[in-house]
Amino acid sequence: MDEKEFRVLIKHYFMKGKTPQETKEKLDKHYGDSAPSIRQFISGFKIFGVTIWAQVTLNVLDALLRLLLQKSLIKSMIW
C-alpha cells in the first residue's frame, strides 16, 4: 500500500481517538510487514494533532476578530 494511503488510515484512527499503538496493531493485523513503523504512526499523530490545534486556534482568532470589528463598527456608528 502507498504511503499516502497509510496516512489516510492513520488520520482515520486519530480522529476516532485511537492511540498510535492501537493503530499500529490494527494495521499490522491487516497489512502485516507492509504497515509503517511505530515511529511513523507517532509522527503522523503529532502532525494531525498540531494541524487540528492550529485550525481551532485560527477559528477562535477569526471569531474574536469579527467580534472586535463589530464592536468597533457599533461604537463608530454611535459616536
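Preceding this paragraph is the structure being described.
What you see is a predicted model; the values in this text were computed from it and never measured.

### Considering the pattern of salt bridges
It is possible for side chains of opposite charge to pair when their charged atoms get near one another.
Argument step 1. A full pass over the atoms with the stated rule returns 2 salt bridges.
Argument step 2. A salt bridge links Asp28 to Lys24; its shortest N-O distance comes to 3.0 Å. In this pair, Asp28 and Lys24 are both assigned in helix α2 (residues 20-31), 4 residues apart and thus about one turn of the helix distant.
Argument step 3. Looking at Asp28, the relative accessible area reads 29%, which means it is partly exposed.
Argument step 4. Overall, the relative accessible area of 17% leaves Lys24 in the buried class.

### Topic: the environment of Phe45
Argument step 1. With respect to the secondary-structure elements, Phe45 resides in helix α3 (residues 38-78).
Argument step 2. By relative accessible area, Phe45 is classed as buried at 9%.
Argument step 3. Setting aside anything within four residues of it in sequence, one finds Phe45 in contact with Ile10, Tyr13, Phe14, Lys18, Thr19, Pro20 and Thr23.

### Looking at the nonpolar core
Argument step 1. Counting residues in hydrophobic clusters, the biggest one holds 8 residues: Phe6, Ile10, Tyr13, Leu27, Ala35, Phe41, Phe45 and Phe48.
Argument step 2. Breaking this core down by element, the ones donating at least two residues are α1 (3-15) and α3.
Argument step 3. The contacts of Phe48, once residues within four sequence positions are left out, are Arg7, Ile10, Lys11 and Phe14.

### Examining the side chain of Thr23
Argument step 1. As for its placement among the helices and strands, Thr23 is situated in helix α2.
Argument step 2. Given a relative accessible area of 0%, Thr23 falls into the buried group.
Argument step 3. When near neighbours in sequence (up to four residues on either side) are disregarded, Thr23 contacts Ile10, Tyr13, Lys18, Phe41 and Phe45.

Thresholds, definitions, all that
Counting from 1, residues in each chain are numbered in the order their sequence is written. Note on the predicted model: pLDDT of at least 70 is required for a residue's local features to be given, and 80 or more for side-chain atom pairs to be given and counted; whole-chain, interface and lining totals, by contrast, use all residues. The basis for the side-chain values is all heavy atoms of the structure; hydrogens and waters are excluded. Salt bridges are counted wherever a side-chain nitrogen of Lys or Arg sits within 4 Å of a carboxyl oxygen of Asp or Glu. Strands here are runs of E lasting at least two residues and helices are runs of H or I lasting at least four, both read from the DSSP assignment and numbered beginning at the N terminus. Using a 1.4 Å probe on the protein chains alone, a residue whose accessible area is under 20% of its type maximum counts as buried, one over 50% counts as exposed, and one in between counts as partly exposed. Contacts between residues were defined by any pair of non-hydrogen atoms, one from each residue, lying within 4.5 Å. For this analysis, a nonpolar core means a set of buried residues of the types Ala, Val, Leu, Ile, Met, Phe, Trp, Tyr and Cys, connected via side-chain atoms within 4.5 Å.

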